[in-house]
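Understanding the architecture of this molecule
Chain residues, written in single-letter form:
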Amino acid sequence: MNPDGSGDALAQGLAPFLTAASPGIVLAVSGGPDSTALMHAAAAFGRGRLHVATVDHDLRPGSADEAARVATAAGALRLSHATLLWEGAKPATGIAAAARAARYRLLADHARAVGADLVLTGHTADDQAETVLLRLLAGSGAAGLAGMSPVRDLAPGLRLGRPFLSLPKSALVAYCEDRGIAYESDPSNADDRFARARLRRAMPVLVQEGLTPERLCRLAARSRRDEIALAGLAHDALTRASRPDRSGIVLDGGVIAALPEAVALRVIGRALAGRGGSVRLDRLERLVFEALLPALRKGAPMRRTLAGHLVAVTERGDVAVTLAPPRRPAGRPCPVGLAAAPPDLLGKGEAAAYIVPACQD
């Protein structure tokens, strides 16, 4: 490839992905300027077994026509194309998160079908800034403020890469326009029903106050650096504290109590994740900071249910994480030992006792 102008930056972003040995790469292309630039720049690079996939969420009129136009454009570049349709009933609420989950599931399934080990998307620095801002508004910790990862696991044996995450959207738009490449405009990007659209309207005011996309991306990089360090400490601490047990996970309470709180929080989170649980940060914080660590420091037993698991401080001072017993039918007395638990940890004060899986970026 002999890139010029705006193509230089795109080529540099793609190079680590397209020069590595790979049995196949799926390009996620919606037809917008970012993913269209991804498709054309990857094709111009001239390496790798490329497969284009368009996810049709079937949420608005015209989406099938847009996918067909992407198929035509891919064919002109001599790239294979598949339209992946999100079938079935759509949720009445949380549609953005549900669509994102469906999108990645469909892309992962397609990657396996064509023998690919990598999926590439056209996410830009503008998308990263919006993600960080959304998570800042949600009160996220370092892991959330780290934003989207340049590379992450999507499924066993399959990675998700974002080669343009450090580039502004304007660079990808310029790439298309300089070359006369047509692209689609998604009306949902200006639909105030979606939080990202509302934030885009607010960005000029935030920029005037100094909260620029560049600073939000810098916050993401700093948070990622800190989270990687804390995650490493948590991994080591979990290994050091773990004791073999056939019924679940047992941790040395003395090790947990001596850890910095930020590390102890992640150790318990990892223990739950290792058992298949997924929990919101605020609920995990209440469990660890308001119940678990105080019990360990006082040498007192404790039992709490969270994410479908029972977390207990035993009489020996260990921390045990096991599957929670079946939920009791309404009207039956609460078992001894659980009556004193805060309602929000046991699910008495809200719709469900257990926590749904958190959204992937």
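Residues numbered from 1 in each chain as written. Predicted model: local features only at pLDDT ≥ 70, side-chain atom pairs only at ≥ 80, totals over all residues. Heavy atoms only, no water.

1. Things to note about the overall build of the chain
What counts, and what does not: A run of H or I in DSSP becomes a helix once it reaches four residues, and a run of E becomes a strand once it reaches two; helices and strands are each numbered from the N terminus. Relative accessible area decides the class of each residue, using a 1.4 Å probe on protein chains only: under 20% of the type maximum gives buried, over 50% gives exposed, and in between gives partly exposed. When checking whether two residues touch, look at their non-hydrogen atoms; a contact exists if any pair is within 4.5 Å. Note that accessible areas follow from Shrake-Rupley with a 1.4 Å probe, and for residues the cover is restricted to the protein chains shown.
Helix and strand counts for the chain stand at 13 helices and 11 strands. A total of 361 residues make up the chain; the buried ones form 44% of that total. Across the chain, every contact between residues at least 6 apart in sequence was considered, and the portion connecting residues at least 24 apart equals 67%. On the chain, roughly 18,400 Å² of surface is accessible, and the fraction owed to carbon and sulfur atoms is 55%.

2. Details of the packing of aromatic side chains
What characterises a pair of aromatic rings is the spacing of the ring centres plus the angle enclosed by the ring planes. The condition that has to hold: Note on aromatic pairs: the rings of Phe, Tyr and Trp (six-membered ring only in Trp) are paired at centre separations within 6.5 Å, and the planes decide the class, stacked below 30 degrees, edge-to-face beyond 60, tilted for the rest. Two conditions define a charge located above a ring, namely a distance within 6 Å from the ring centre to NZ of Lys or CZ of Arg, and an angle within 35 degrees of the ring normal.
A full pass over the atoms with the stated rule returns zero aromatic pairs. Its end group placed over the ring of Tyr 104, Arg 103 keeps NZ or CZ at 5.9 Å from the ring centre. Of note, Arg 179 hangs over the ring of Tyr 175, and the distance from its end group to the ring centre comes to 3.9 Å.

3. Examining a positive patch on the surface
Rules: Residues forming no salt bridge and having over 30% relative accessible area are the ones grouped into patches, like charges within 9 Å of each other and nonpolar side chains (Val, Leu, Ile, Met, Phe, Trp, Tyr) within 5 Å. In what follows, salt bridge is the name for a side-chain nitrogen of Lys or Arg lying within 4 Å of a carboxyl oxygen of Asp or Glu. Only four residue types enter the charge count: Lys and Arg as positive, Asp and Glu as negative, with His and the chain ends excluded. Where a charge lies is defined by one atom per residue type, namely NZ (Lys), CZ (Arg), CG (Asp) and CD (Glu).
The grouping of Arg 215, Arg 218, Arg 222 and Arg 225 at the surface amounts to a positive patch. Take Arg 225: it is sitting in helix H9 (residues 213–241). Assessed through its relative accessible area of 53%, Arg 225 is described here as exposed.

4. Side note on the nonpolar core
Short version of the rule: What makes a nonpolar core is a set of buried Ala, Val, Leu, Ile, Met, Phe, Trp, Tyr and Cys residues whose side-chain atoms join them at distances within 4.5 Å.
The biggest cluster of nonpolar side chains holds 31 residues, and the ones touching the most others in it are Leu 251, Ile 256, Val 267, Ile 268, Leu 272, Leu 284 and Met 302. Taken together, the elements giving at least two residues each to this core come down to H9, helix H10 (253–258), helix H11 (261–274), helix H12 (281–298), strand E9 (302–306), strand E10 (309–313) and strand E11 (319–323). Examining the composition of this core, we find that eight residues originate from one element, H12, more than from any other. Not counting residues up to four positions away in its chain, the partners in contact with Leu 284 are Leu 265, Ile 268, Gly 269, Leu 272, Val 279 and Leu 306. Listed in part, the 28 residues of the second largest apolar core include Ile 25, Val 70, Phe 164 and Leu 167.

5. What to know about the sheet that holds strand E2 (residues 50–56)
To keep things clear, this is the line we draw: The pairing criterion for strands is at least two bridges between them, as found by DSSP. Axes here mean lines fitted to C-alpha atoms, for a helix over just the part in contact, with angles spanning 0 to 180 degrees between N-to-C directions.
Spatially, the six strands line up as an open sheet ordered E3-E2-E1-E4-E6-E5, and their pairing is mixed. The two strands at the open ends of the sheet, each matched to only one other strand, are strand E3 (80–85) and strand E5 (151–155). Going across the sheet, the axis of each strand differs from the next one's by a mean of 30°, ignoring polarity. Where strand E4 (residues 118–120) meets strand E6 (residues 158–161), three bridges bridge the pair, whose relative direction is parallel. Opposite Val 119, over in E6, you have Leu 160 as the bridge partner.

6. Here's the deal with the sheet that holds strand E7 (residues 242–243)
Pairing is antiparallel across the open sheet formed by five strands, whose spatial order is E7-E8-E11-E10-E9. In this open sheet, the two strands that pair with only one neighbour each are E7 and E9. Strand direction decides the pairing type here: E10 and E11, joined by five bridges, are antiparallel. Bridge pairing links His 309 to Leu 323 in E11. Where H12 meets the sheet, its contacts fall on E9, E10 and E11, and the angle it forms with E9 comes to roughly 170°.

7. A closer look at unusual backbone geometry
Located in the positive-phi region is Arg 78, a residue other than glycine, with phi close to 60°. Examined against the element boundaries, Arg 78 turns out to sit in the loop between helix H3 (63–76) and E3. Assessed through its relative accessible area of 81%, Arg 78 is described here as exposed. Non-glycine residue Ala 307 carries a positive phi angle of around 55°. Summarising the element assignment, Ala 307 is placed in the loop between E9 and E10. When its relative accessible area of 9% is taken as the criterion, Ala 307 is described as buried.

8. Observations concerning the packing of H9 against H11
The following threshold applies: Left-handed is the label given to a crossing in which the near helix is rotated counterclockwise from the far helix by less than a right angle, and right-handed is the label when the rotation is clockwise. Put simply, Ala, Val, Leu, Ile, Met, Phe, Trp, Tyr, Cys and Pro go in the nonpolar bin, Asp, Glu, Lys and Arg in the charged bin, and everything else, Gly too, in the polar bin.
Between H9 and H11, the least distance of the axes is 8 Å, while the angle of their chain directions is 65°. You can see that H9 and H11 cross each other, and the crossing is right-handed. Taking contact as the criterion, the partners of Glu 227, Leu 230, Ala 231, Leu 233, Ala 234, His 235, Ala 237 and Leu 238 in H9 are, on H11, Ala 262, Val 263, Arg 266, Val 267 and Arg 270. Grouping the amino acids of the contact of H9 with H11 by side-chain chemistry returns nine nonpolar, one polar and three charged.

9. What about the environment of Glu 214?
Structurally, Glu 214 can be placed in helix H9. Exposure remark for Glu 214: the relative accessible area of 52% places this residue in the exposed category.

10. So, the side chain of Thr 131
With respect to the element layout, Thr 131 can be found in helix H5 (residues 125–137). The residues touching Thr 131, leaving out its near neighbours within four places in the chain, are Gly 147, Met 148 and Arg 196.

11. Points about H12
The following threshold applies: Each residue after the first adds 1.5 Å to the expected span of a helix.
A rise of 1.5 Å per residue sets the reference length of H12, with its 18 residues, at 26 Å; its end C-alpha atoms lie 24 Å apart and thus fit the reference within 8%. Within H12 the residues assigned to the buried category are Arg 283, Leu 284, Leu 287, Val 288, Ala 291, Leu 292, Leu 293, Ala 295 and Leu 296. In the segment just after H12, Gly 299 is the residue with positive phi, at about 70°.

12. What about the pairing of E9?
Taking burial as the measure, the five residues of E9 include four buried ones, the bulk of the element. Alignment of E9 against E10, held across five bridges, turns out to be antiparallel. Looking at the pairing, Arg 304 lines up with Val 311 of E10.

13. Digging into the side chain of His 40
Mapped onto the elements, His 40 comes out in helix H2 (residues 33–45). Judged by relative accessible area, His 40 falls into the buried class, the value being 17%. Once residues lying within four places of it in the same chain are set aside, the contact partners of His 40 are Leu 77, Tyr 175 and Ile 181.

As far as function goes, none of this settles anything; it's purely spatial.
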